[in-house]
Amino acid sequence: MNAAALRAAAQARYPAFLARLAELVEIDCGSRQVAGLRQVAARFSGYAADAGLDVTVVPIHDDTAVPLGDAVVARLSGRGTRRILLAAHLDTVFPPGTAAARPLTVDGATGRAYGPGVCDDKGGLLAGLAAIETLLALRADGFGELALVATPDEEIGSIGSRPLLAGLAEQADAILCLECARDNGDLVSARKGVADVEIDLHGRAAHAGIEPERGANAALAAAHLTVALQRLTGVNVGVLQAGTRPNVVADRARLVVDVRAAEPAAYEAALADITRLAGSPLVDGVTATVRVVAPTPPWSGGPGTAALLRAAEQVGGELGLTVTHAATGGCADANLLAESGVAVLDGLGPVGGGDHGPDEWLDLDSVVPRVALLAGLIDRIS
């Protein structure tokens, strides 16, 4: 594909990208904010349908049938055979009212846009659609099918979207994830595995002054367990709650533990160690229940990722763009999609940073070159 034509077609999509970005950022759509998430899904569905894609809206629920919002799956058929999946998400981490307090703003001096979700992941989502529109403008339809999925629950571990993602991954020959590039421009070639582990300790209440010996102190057990867990590699006790009153032996306590590991063996070992330590008799009469929430195994790249990186480097070279990559400690849907065994590459949105904070930003000057890179990569691997 001619690099100049690719850049020009991507540049032509920039005004629509920026207008859509402002529209999506103005909607509160934190995880579990179902009304806002459905509104964002409806708007994105409209953008995709206007581009000529076949759009399906899929209601997403958690394991207790509570609605989480809608996923959008937009498909485009080509004349080739290879099926390529693009993956992004609709939800943010911000509470209601954030969109009104921080609508999209652009700093002309730096070329940065600011607003909730501007980088994570509105910028990546819209860059994916812009890349497809770029290919359509160039009549570059050598793929068999492009599918773009946008889910409403990535920030809470894709607890309802996992079956949808697994099914789409099984149909794909390559998967390109649209989380934004790191703040230095790196693509993402590996991600640590992550799990939240909830530990509830059950003791026995008693009067702390008159007959403390009749109690079983869950707070004391939680303290011992916290010290033991913090000795494990990649484990952090982030929440510790216990008791009700100072004159009562605590009959309950709760820990929420973050687990992260780059390799599958270390990830499984950490989860096993947590279960073993929680089951140890740290205080007589105190028992524990352990629940692993949204376990997301490590994605360590591999030959398929390396091949996608080589293709991205080739396309980048033709565009005059140096392509670099890195592993990161945060997990994303790339981890789940990689379980299919299909080659995965992430960080293919524009450059951004400050995720999950009040200064989240997107480098607008990176939008056109990164859309061109993504479109060229799709064409190359088709």
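Residues numbered from 1 in each chain as written. Predicted model: local features only at pLDDT ≥ 70, side-chain atom pairs only at ≥ 80, totals over all residues. Heavy atoms only, no water.

Draft legend 1. Molecular detail of the overall build of the chain. Scanning the chain for helices and strands turns up eleven helices and 17 strands. A compact globule built from 382 residues would reach a C-alpha radius of gyration of about 21 Å, and the chain, at 23 Å, matches this within 12%. Overall, the chain is about 85 × 45 × 40 Å in size when its C-alpha atoms are taken along their principal axes. Taken over 382 residues, the chain has a buried fraction of 51%. By element, 52% of the accessible surface of the chain is carried by carbon and sulfur atoms, the whole surface being about 15600 Å². Each charge class in the chain was averaged separately, 30 positive and 45 negative side chains, and the resulting centres sit 1 Å apart. (Helix = DSSP H or I, 4+ residues; strand = E, 2+ residues; numbered from the N terminus. Rg over C-alpha atoms; globule rule 2.2 N^0.38 Å. Buried < 20%, exposed > 50% of the residue type's maximum accessible area, 1.4 Å probe, protein only. Areas by Shrake-Rupley, 256 points an atom, 1.4 Å probe, with all protein chains shown as cover. Lys, Arg positive; Asp, Glu negative; His and termini not counted. Charge placed at Lys NZ, Arg CZ, Asp CG, Glu CD.)

Draft legend 2. How the structure looks around the side chain of D62. Along the chain, D62 falls in the loop between β1 (54-61) and β2 (67-77). Since its relative accessible area comes to 13%, D62 is described here as buried. In terms of polar contacts, D62 uses its side chain to reach the side chain of T64, at 2.8 Å. D62 has contacts with R32, L68 and I159, leaving out every residue within four places of it along the chain. (Polar contact = N/O pair within 3.5 Å; in protein donor to acceptor, adjacent residues only side chain to side chain. Contact = heavy atoms within 4.5 Å.)

Draft legend 3. Geometry of the packing of aromatic side chains. Applying the stated rule across the entire model yields one aromatic pair. Aromatic side chains Y14 and F17 sit 6.5 Å apart centroid to centroid with 20 degrees between the ring planes, which places their arrangement in the stacked category. Taken as a pair, Y14 and F17 lie in helix α2 (residues 14-25) at a separation of three residues, close to a single helical turn. Take Y14: its relative accessible area is 18%, and that puts it in the buried class. A cation over an aromatic ring shows up here: R112 above the ring of W361, its NZ or CZ 3.6 Å from the ring centre. (Phe/Tyr/Trp six-rings, centres within 6.5 Å; stacked < 30°, edge-to-face > 60°. Lys NZ or Arg CZ within 6 Å of the ring centre and 35° of its normal.)

Draft legend 4. Looking closely at the sheet that holds β1. Strand order in the open sheet formed by six strands is β1-β2-β6-β3-β7-β15, and the pairing between neighbours is mixed. In the strand order of this sheet, the two ends are held by β1 and β15 (344-345), each with one partner. Direction of pairing for β2 relative to strand β6 (residues 145-151): antiparallel, over a ladder of six bridges. Counterpart to R75 in the pairing with β6 is A147. Running at roughly 10 degrees to β2, helix α3 (residues 34-50) makes contact with β1, β2 and β6 of the sheet. Taken strand by strand, helix α11 (residues 367-381) contacts β3 (83-89), β6, β7 (174-177) and β15, and its axis lies near 175 degrees from that of β7. (Pairing = 2+ DSSP bridges. Axes fitted to C-alpha atoms, helices over the stretch in contact; angles between N-to-C directions.)

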